[in-house]
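Structural characterization, general
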Amino acid sequence: MWTSLKTVFGIDLRSLAAFRVGVAVYILVDLANRWPYLNVFYTDAGILGRAEAIAYNYVSRWSLFYISGEAWVVHVLFVCLALAALSLLVGYRTRLSIFICWVLVVSLTNRNLFLLQGDDDLICILLFWGLFLPLSARFSVDDALREEHDHPVSARPRRRHDYVSPASVAAVLQVSYVYIFGAFLKTGVEWHEQMNAVYYALSIEGLTTPLGDLLLKATALHGPLTGFVWWLELLMPLCVFMPLFFSFFRSLGLALLIAMHIGFALFLNVGLFPLASIASLMLLIPTIVWQWLDRKTDGGEWTLFYDDGCVFCRKTCLLLRSFCLPYETIVTPAQGDQEAGPILEKHNSWVVRAPSGTLLTHWDALVAVLKNNPLTWPFGVLSGLLPRAIGRALYVGIGNSRGGFGAVADAVLPFRSLALQVPHFVSAIVTALAAFVFLWNVDQDPRSGLQLPTSAQYIAKLLRINQNWAMFAPFPVKREGWYGFEGTLKNGLHMDLWTGKPGYPPSGDPDDLRAWNKDYRWRKYLARLHLKANARQRGNLARYWCRQEWLDANGAIQPLASIKMTYYTRTTQPDGRPDTYTTFSLYTGKCN
């Protein structure tokens, strides 16, 4: 009934693996989203050259992307980050992989601050705490090839999955800060008296999805949903850290939080914030959930038989056990088994004894193993769809080349030691930084009266652990805008620079503001462009467009002569009253 604090602030090692996968998936999806805009956002030929980025940035914000403004260098850095994220995904050289991911993600984040939103801060922070956590302890290449596995393997005792350290405490507290401090910062009457925060959020056309449009019409739900979001964030620590009926309350809180983020993704165009948040919540999966999954997937005792003397075969079996089967699965040479040995010799194949006692070989054995785990089940289904002749041919081809694969495995996949704990002095540093992050979050609330020294800014931004969880706080934005980017060519023809088409840009509401925004990174950039503090950036955007080639109505290439930027706003009024509109002239300038 009562749970110890060690359990409350500890993390199941399998939850750490799920967190590792979630973070890696986020990085890969984010890279895919950024890559089409690489030239415009991250090179010297784009809207923010390195000199401008450095001038705009805080002195302690560093970036490897400052090395060069050439597109090919940026592409190389993107590829390096993608490879590191893939390595993190499968848990290969995990500590090195997450360090590379942290360095490159922080560098990418610092390169262009105009594009950022909450998930960018969150992923940097999660990667930072991940540096001190044993993310490879389960479901990983590193775990499969631990040094103690470098011998014929027999039955293994069950091993403990609980893990607690200063880093685990810091990580679970960090996850809670997003919600508890997010609730504290929601001080507007829209959240507490008028209960119409959801109405205002859904009224911003560029921020909603088509499903959000439908929810906007369901006015009876706006008040209850506003209360649900605020109270869930406020009471999140109570659900997650309740020592009484711990497993029940944590599972309930986790389910509600994930449901809330899925709702955000369905009804609001908030980019990848739901994905980053769900990845962070993987840290909180309680052991009871993994025990339930074990009961669903175990189904009995498996045995994997490999050809004695084939190092590649043994490592393959160890990898499959790590990702698909229980740790207690027996992995052993077939030559020592009266049934499996003759089958291996006859069919020149590994042998898998399923829980039913059936002996499987070749491709059929691989399909059965992959289907055993929910995470690898889709790969098993896809593999099973292949005609048996093709699957068998693939298996035979790999088997015939196992000598070469073995040499590669020796070089790339050696047996290595795997330590769960970090040195004591590192734990002391983590403890100090955890206290620092708590104080930083308290400092973000102006009602706290706390004011950290200037040096705190240097530390936080150097490590990229600075944070502020003021999403929709103190109240949702009530005004959205769009731009008229008008260009005049040297031949006098007018251009809509945003669409690249001849003619004047529209001054009224765009037919579809969601489509007009192109991408959520562009939306964040444009949401900051009109601010007085960013007047210099309008000139940067103008110079970028001046360098581009433009086609007139006849298809001839023409240079730009001048640019004019106009900002149009629409402000949502309460109770469904008509919106109000305002127009601002932002920039007028000539191209050199």
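Residues numbered from 1 in each chain as written. Predicted model: local features only at pLDDT ≥ 70, side-chain atom pairs only at ≥ 80, totals over all residues. Heavy atoms only, no water.

1. A closer look at the overall build of the protein chain
Summing up its helical and strand segments, the protein chain has 27 helices and 13 strands in all. Relative to a compact globule of 592 residues, whose C-alpha radius of gyration would be 25 Å, the protein chain shows 28 Å and is just as compact. Overall size of the protein chain, expressed as C-alpha extent along the three principal axes, is 85 × 65 × 50 Å. Looking at the protein chain residue by residue over its 592 residues, the buried ones come to 52%. Across the protein chain, contacts joining residues at least 24 apart in sequence account for 75% of those joining residues at least 6 apart. Element-wise, carbon and sulfur atoms account for 64% of the exposed surface of the protein chain, whose accessible area totals about 26,700 Å². Computed over 52 positive and 43 negative side-chain charges, the inter-centroid distance for the protein chain is 3 Å. (Helix = DSSP H or I, 4+ residues; strand = E, 2+ residues; numbered from the N terminus. Rg over C-alpha atoms; globule rule 2.2 N^0.38 Å. Buried < 20%, exposed > 50% of the residue type's maximum accessible area, 1.4 Å probe, protein only. Contact = heavy atoms within 4.5 Å. Areas by Shrake-Rupley, 256 points an atom, 1.4 Å probe, with all protein chains shown as cover. Lys, Arg positive; Asp, Glu negative; His and termini not counted. Charge placed at Lys NZ, Arg CZ, Asp CG, Glu CD.)

2. Examining the side chain of T303
Along the chain, T303 turns up in strand β3 (residues 303–306). Apart from residues no more than four positions distant in its own chain, T303 is found in contact with T329, I330, T332, V351, V352 and R353.

3. Considering the sheet that holds strand β6 (residues 359–361)
Reading across from one edge, β4-β3-β5-β6 is the order of the four strands in this open sheet, with mixed pairing throughout. Looking at strand neighbours, the two that pair on one side only are β4 (330–333) and β6, the edges of this open sheet. Along the sheet, successive strands turn relative to each other by an average axial angle of 25 degrees, direction set aside. Across three bridges, the pairing between β3 and strand β5 (residues 351–353) is antiparallel. Pairing of L304 across the sheet is with V352, part of β5. Together, β3, β5 and β6 form the strand contacts of helix α18 (residues 340–347), whose direction differs from that of β5 by roughly 145 degrees. Contacting β3, β5 and β6, helix α19 (residues 362–371) crosses the sheet at an angle of about 115 degrees to β6. (Pairing = 2+ DSSP bridges. Axes fitted to C-alpha atoms, helices over the stretch in contact; angles between N-to-C directions.)

4. Describing the packing of helix α2 (residues 13–34) against helix α7 (residues 118–130)
Between α2 and α7, the least distance of the axes is 11 Å, while the angle of their chain directions is 140 degrees. Classed by the angle they form, the pair α2 and α7 counts as oblique. The interaxial crossing formed by α2 with α7 has left-handed handedness. Note on element contacts: α7 touches α2 through D119, D120, I123, L126 and L127, opposite F19, V23, Y26, I27 and R34. Of the residues belonging to the contact of α2 with α7, the class tally is seven nonpolar, no polar and three charged. (Parallel < 35°, antiparallel > 145°, perpendicular 65-115°, else oblique. Left-handed = near helix turned anticlockwise from the far one by under 90°. Nonpolar A, V, L, I, M, F, W, Y, C, P; charged D, E, K, R; others polar.)

5. Describing the nonpolar core
Ranked by internal contacts, the top residues of the largest apolar core, which has 134 residues, are I27, W129, F485 and W545. When residues of this core are assigned to their parent elements, the largest contribution, 11 residues, is made by helix α9 (residues 166–185). Membership of the second largest hydrophobic core comes to 23 residues, among which are W302, Y306, C324 and L370. (Core = buried A, V, L, I, M, F, W, Y, C linked by side-chain atoms within 4.5 Å.)

6. So, the sheet that holds strand β9 (residues 501–502)
Reading across from one edge, β9-β8-β7-β12-β13 is the order of the five strands in this open sheet, with antiparallel pairing throughout. In the strand order of this sheet, the two ends are held by β9 and β13 (580–590), each with one partner. As defined by bridge partners, strand β8 (residues 494–496) adjoins β9 across two bridges and the pair is classed as antiparallel. Paired with M495 across the two strands is P502, which belongs to β9. Helix α27 (residues 535–546) rests against β7 (479–489), β12 (560–571) and β13 of the sheet, and its axis sits at about 135 degrees to β12.

7. Remarks on the pattern of salt bridges
Applying the stated rule across the entire model yields 18 salt bridges. The partner of D30 in a salt bridge is R34, and the shortest N-O contact between them spans 2.8 Å. Taken as a pair, D30 and R34 lie in helix α2 at a separation of four residues, close to a single helical turn. When its relative accessible area of 7% is taken as the criterion, D30 is described as buried. Among the salt bridges present, the one from D121 reaches R464, with a minimum N-O distance of 2.7 Å. Taken together, the residues span a long stretch of sequence, with D121 in helix α7 and R464 in the loop between α24 (454–463) and β7 at a distance of 343 residues. Assigned by exposure class, D121 and R464 land together as buried. (Salt bridge = Lys/Arg side-chain N within 4 Å of Asp/Glu carboxyl O.)

8. Brief notes about helix α14 (residues 246–267)
For α14, built from 22 residues, the straight-helix expectation of 32 Å at 1.5 Å per residue is met to within 8% by its first-to-last C-alpha distance of 31 Å. Those residues of α14 lying buried are F246, R250, G253, L254, L257, M260, H261, G263 and F264. Check the buried side of α14 and you find it contacts α1 (5–8), α9, α13 (222–241) and α15 (273–281). (Expected span 1.5 Å × (residues − 1).)

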